[in-house]
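Reading the structure
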Amino acid sequence: MATDFFYGLLPDHLLLALIVVLMLLETLRASPRWARPVFIVALLAAGAALLQQWQAGYNVEIISGEIRVDGFAVLGKLVVLGCGLSLALIFATRQGYKFWMLVASMVFGAMLILQSAGFASLFLGIEMLSLPAFALMVQEQGDGLAAEGAFKYLVLSSVASALLLFGISLAYGHTGTLSIAAFAQALPAGSAQVRAAGLLVLSGLFFKAAVFPFHAWAPDAYASARVKRSQTIEEG
């Protein structure tokens, strides 16, 4: 169990270590030119660990009912790391530690979502993915348009989080567990509580992903951010 916790979540541990290292380097006022190389090295190391898991056919439920690493999760995390690496390689202009720290947090959140088997880890992953986007939208901008877009994103994201949590609470009240599989098994029963939970969870997810008809916030958010920030948000 302990081996699975460290080996199965090794890519996630590397991303967390990356965030801590970037924070320490900024605290020590190291040269900003180190931020991007450190980011790339950490993502390559995480990708190497994922490739090893893929070749070994790794499939383990690390935390019962919450985190499961299987072939789909490994493949999805490789795609997420590829998006992060493409961002670092294409936009090679020098960025500060804050930028790469926020991007690393978004990558970590996306990876957590892909291996979620329960609502708790799913919600944490969604928030880790979406919260850094607020800061990215206004970073180094300082104008009213960026602040307005980030504020709209923050308010509507808060509404989405509230809907998601309300739906999760109803699902937990019915099933007695935060497992997504248990909730899916309860759906065919069709009770009013389960239907309400499913509707609230879907509404929250649609708000976060800007799916019609919950997409009205997206144009303002993307238009107010710079090209690099918009690409990062869209990849997330």
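Just above, that's the structure.
Predicted model, so just to flag it, every value in this text is computed and none were measured.

It is worth spelling out the nonpolar core at this point. Ranked by internal contacts, the top residues of the largest apolar core, which has 42 residues, are Leu15, Leu18, Phe39 and Leu81. Listing elements by their share of this core, those giving two or more residues are helix 2 (10–27), helix 3 (35–56), strand 1 (60–63), strand 2 (67–69), helix 4 (71–90), helix 5 (97–114) and helix 6 (119–138). Core analysis: the next-biggest nonpolar cluster, separate from the first, contains 12 residues, Phe123, Ile126, Ala197 and Val201 among them.

Sheet topology note: the strand 1/strand 2 ladder contains 3 bridges and is antiparallel. When the sheet's bridge partners are listed, Val60 is paired in strand 2 with Val69. Hairpin connection, strand 1 to strand 2: the antiparallel pair is bridged by 3 residues, and Gly65 has positive phi, about 75°.

Our next topic: unusual backbone geometry. We note that Arg29 has phi near 60°; this positive angle belongs to a residue other than glycine. For Arg29, a relative accessible area of 77% translates into the label exposed.

In this section: the packing of helix 2 against helix 3. Axis separation between helix 2 and helix 3 bottoms out at 9 Å; the angle between their running directions is 170°. What the angle tells us is that helix 2 and helix 3 run roughly antiparallel. Contacts between helix 2 and helix 3 involve Leu10, Pro11, Leu14, Leu15, Leu18, Val21, Leu22 and Leu25 from the first element and Ala35, Val38, Phe39, Ala42, Leu43, Ala45, Ala46, Ala49, Leu50 and Gln53 from the second.

Further remarks concern the packing of aromatic side chains. Summed over the entire model, instances satisfying the criterion amount to 5 aromatic pairs. With a centroid separation of 5.2 Å and 80° between ring planes, the pair formed by Tyr7 and Tyr58 is classed as edge-to-face. Pair noted here: Tyr7 is in helix 1 (residues 2–8) and Tyr58 is in the loop between helix 3 and strand 1, with a separation of 51 residues, a long-range link. Seen in terms of ring centroids, Phe99 and Trp100 are 4.8 Å apart; in terms of plane orientation they differ by 85°. Their pairing is edge-to-face. What makes Phe99 buried here is its relative accessible area of 1%. Owing to a relative accessible area of 1%, Trp100 belongs among the buried residues under this scheme. Three or more aromatic residues joined by ring pairs make a cluster, and in this case those are Phe39, Phe99 and Trp100.

So, about the environment of Cys83. Tracing the sequence through the fold places Cys83 in helix 4. Each C-alpha atom of the pair Cys83 and Val107 lies 8.8 Å from the other, and the pair is 24 residues apart in sequence.

This model, assessed by the stated rule, comprises 3 salt bridges. A salt bridge links Lys77 to Asp12, with the nearest nitrogen and oxygen atoms 3.5 Å apart. With a gap of 65 residues between them, Lys77 in helix 4 and Asp12 in helix 2 connect regions that are remote in the sequence. Taken as a pair, Lys77 and Asp12 share a single burial class, namely buried. Among the ionic pairs, Lys98 bridges to Glu26, the shortest N-O distance being 2.6 Å. Here Glu26 lies in helix 2 and Lys98 lies in helix 5, a separation of 72 residues in the sequence. A relative accessible area of 48% places Lys98 in the partly exposed class.

Analysis parameters
- Residues numbered from 1 in each chain as written.
- Predicted model: local features only at pLDDT ≥ 70, side-chain atom pairs only at ≥ 80, totals over all residues.
- Heavy atoms only, no water.
- Core = buried A, V, L, I, M, F, W, Y, C linked by side-chain atoms within 4.5 Å.
- Buried < 20%, exposed > 50% of the residue type's maximum accessible area, 1.4 Å probe, protein only.
- Helix = DSSP H or I, 4+ residues; strand = E, 2+ residues; numbered from the N terminus.
- Pairing = 2+ DSSP bridges.
- Axes fitted to C-alpha atoms, helices over the stretch in contact; angles between N-to-C directions.
- Parallel < 35°, antiparallel > 145°, perpendicular 65-115°, else oblique.
- Contact = heavy atoms within 4.5 Å.
- Phe/Tyr/Trp six-rings, centres within 6.5 Å; stacked < 30°, edge-to-face > 60°.
- Salt bridge = Lys/Arg side-chain N within 4 Å of Asp/Glu carboxyl O.

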